[in-house]
Amino acid sequence: MSTPRLPAHAGRRIALVGAAALTATLALAAPAAAHAEVEADKAQALAENVTLSFVSEAESDSAGFTELRVVLPKGIAPGDVTLDEAPKGWELKATNDGYAVSGPALKAGVDAEHKIKVRQLPDAKEIAFKTIETYSDGEVSRWIELPTGGAEAEQPAPLLELKAAAPGAKPVSPSPTETASATPSAPASTPAAAPTQTDASAAASDTAADEDDSMSSGVVVGVVVVLLLLGGGAWWLVKRRTASSES
């Protein structure tokens, strides 16, 4: 028994429908393109003096970027970041939780790119740099969402995967400012154990004052006694003279 053959045009139609279905499936399965990204020249935990490159893709056809604010991950302090490259006229300013780079508005449709140098990356497998983009017309885009439970974020924060730290790598020492403020506290208690020259002078002054008070009290008592004696003697002389005149 022979198998019926489909017409040639029917076969082509089925092939086209299958290809379209496959394309749609792949498109849905593919992750959404990130509009804010970060890369590192040394993507390794505890790496020092690392240059991070950020790219924020322009989404507006009528306004350009004026500011990018980045929230630093735990382990990177705002004071450990310096600006390496940025659009012309843009400057970096530290914030409480990271930094901001801003300046004259870029042309509409132009991506904002900048680089920073970080003193040291933290000891982690992955770090996020939440980014808030501001356009010249006031529009704000927030790429701050983190992946949770395997679900894809609609506005994901730039993520940087880090390799394991190199053998022997350790966190760098605290910043000089923190060290300087902590060092003087140890010897501060040393002179407190013995009286200072000022304290000794004050003690001597108090002793001299006590001695002066004692001497003053003694003089007063002596004067009172003398006055009493003189008064008693004068009374005795007057009484004697009165008795002599009567006799």
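Everything quoted here is computed from the prediction, not taken from an experiment.

Conventions used here
Going along each chain's sequence as written, the residues are numbered from 1 onward. Thresholds applied to this predicted model are a pLDDT of at least 70 for local features of residues and 80 or more for the giving and counting of side-chain atom pairs; totals over whole chains, interfaces and linings are not thresholded and use all residues. Hydrogen atoms and water are omitted, and side-chain values are computed over all heavy atoms in the structure. Only runs of H or I of at least four residues qualify as helices and only runs of E of at least two qualify as strands under DSSP, and these elements are numbered from the N terminus. With a 1.4 Å probe rolled over the protein chains alone, any residue whose accessible area is under 20% of its type maximum counts as buried; one over 50% counts as exposed, and the rest are partly exposed. Reported accessibility uses the Shrake-Rupley method at a 1.4 Å probe radius. Residues are deemed covered only where the shown protein chains occlude them. In short, DSSP must find at least two bridges between two strands for them to pair. For helices, the fitted axis covers only the stretch in contact; all axes are lines through C-alpha atoms, and the angles between them, taken along N-to-C directions, range from 0 to 180 degrees. Note on aromatic contacts: the rings of Phe and Tyr and the six-membered ring of Trp form a pair at centre separations within 6.5 Å, being stacked when their planes are under 30 degrees apart, edge-to-face when over 60 apart, and tilted otherwise.

### Focus: the overall build of the protein
Part 1: Check the secondary structure of the protein and you find 3 helices and 11 strands.
Part 2: Mapped in sequence order, the helices and strands of the protein form the string α-β-β-β-β-β-β-β-β-β-β-β-α-α.
Part 3: Out of the 247 residues in the protein, the part that is buried amounts to 19%.
Part 4: Just so you have it, the protein exposes about 17,200 Å², and 59% of that area is on carbon and sulfur atoms.

### Some remarks on the sheet that holds strand E10 (residues 140-143)
Part 1: Taken in spatial order, the 5 strands make up an open sheet running E5-E6-E3-E9-E10, and their pairing is antiparallel. Across the chains shown, the open sheet's two edge strands, defined by having one partner strand only, are strand E5 (91-94) and E10. Between one strand and the next, the sheet's axes are offset by a mean angle of 15 degrees, whatever the strand orientation.

### A look at the sheet that holds strand E7 (residues 112-120)
Part 1: One open sheet accounts for 4 strands, arranged E1-E2-E7-E4; its pairing is antiparallel. If you trace the sheet from one side to the other, it starts and ends with strand E1 (36-40) and strand E4 (81-85), each paired once. Averaged over all adjacent pairs, the angle separating strand axes in this sheet is 30 degrees, with direction ignored.
Part 2: Relative to E7, strand E2 (residues 48-56) runs antiparallel, the two being bridged by 8 bridges. Looking at the pairing, phenylalanine 54 lines up with histidine 114 of E7.

### Quick notes on the packing of aromatic side chains
Part 1: Enumeration over the complete set of coordinates arrives at 2 aromatic pairs.
Part 2: Seen in terms of ring centroids, phenylalanine 54 and phenylalanine 129 are 5.4 Å apart; in terms of plane orientation they differ by 80 degrees. Their pairing is edge-to-face. Here phenylalanine 54 is found in strand E2, whereas its partner phenylalanine 129 is found in the loop between strand E8 (126-128) and strand E9 (130-135), with 75 residues between them in sequence.
Part 3: Centroid distance phenylalanine 65 to tyrosine 135: 4.5 Å. Interplanar angle 25 degrees. Geometry classified as stacked. With phenylalanine 65 in strand E3 (residues 65-71) and tyrosine 135 in strand E9, this residue pair connects regions lying 70 residues apart in the sequence.

### A closer look at the pairing of strand E6 (residues 98-102)
Within a regular beta strand, the side chains point alternately toward one face of the sheet and then the other, so they alternate between its two faces.
Part 1: Counted residue by residue, E6 has 4 buried out of 5 residues, so it is predominantly covered.
Part 2: Alignment of E3 against E6, held across 5 bridges, turns out to be antiparallel. Looking at the pairing, arginine 69 lines up with alanine 100 of E6.
Part 3: Direction of pairing for E5 relative to E6: antiparallel, over a ladder of 4 bridges. The partner of glutamate 91 across the bridge, within E6, is serine 102.
Part 4: Between E5 and the antiparallel strand that follows it, E6, lie 3 residues.

### Describing unusual backbone geometry
Part 1: Unusually for a residue other than glycine, leucine 46 sits at a positive phi of about 65 degrees.
Part 2: By the secondary structure assignment, leucine 46 is in the loop between E1 and E2.
Part 3: Since its relative accessible area comes to 10%, leucine 46 is described here as buried.
Part 4: Within the chain, asparagine 49 stands out as a residue other than glycine whose phi angle is a positive 50 degrees.
Part 5: Residue placement: asparagine 49 occurs in strand E2.

On their own, these measurements won't tell you what the molecule is for.
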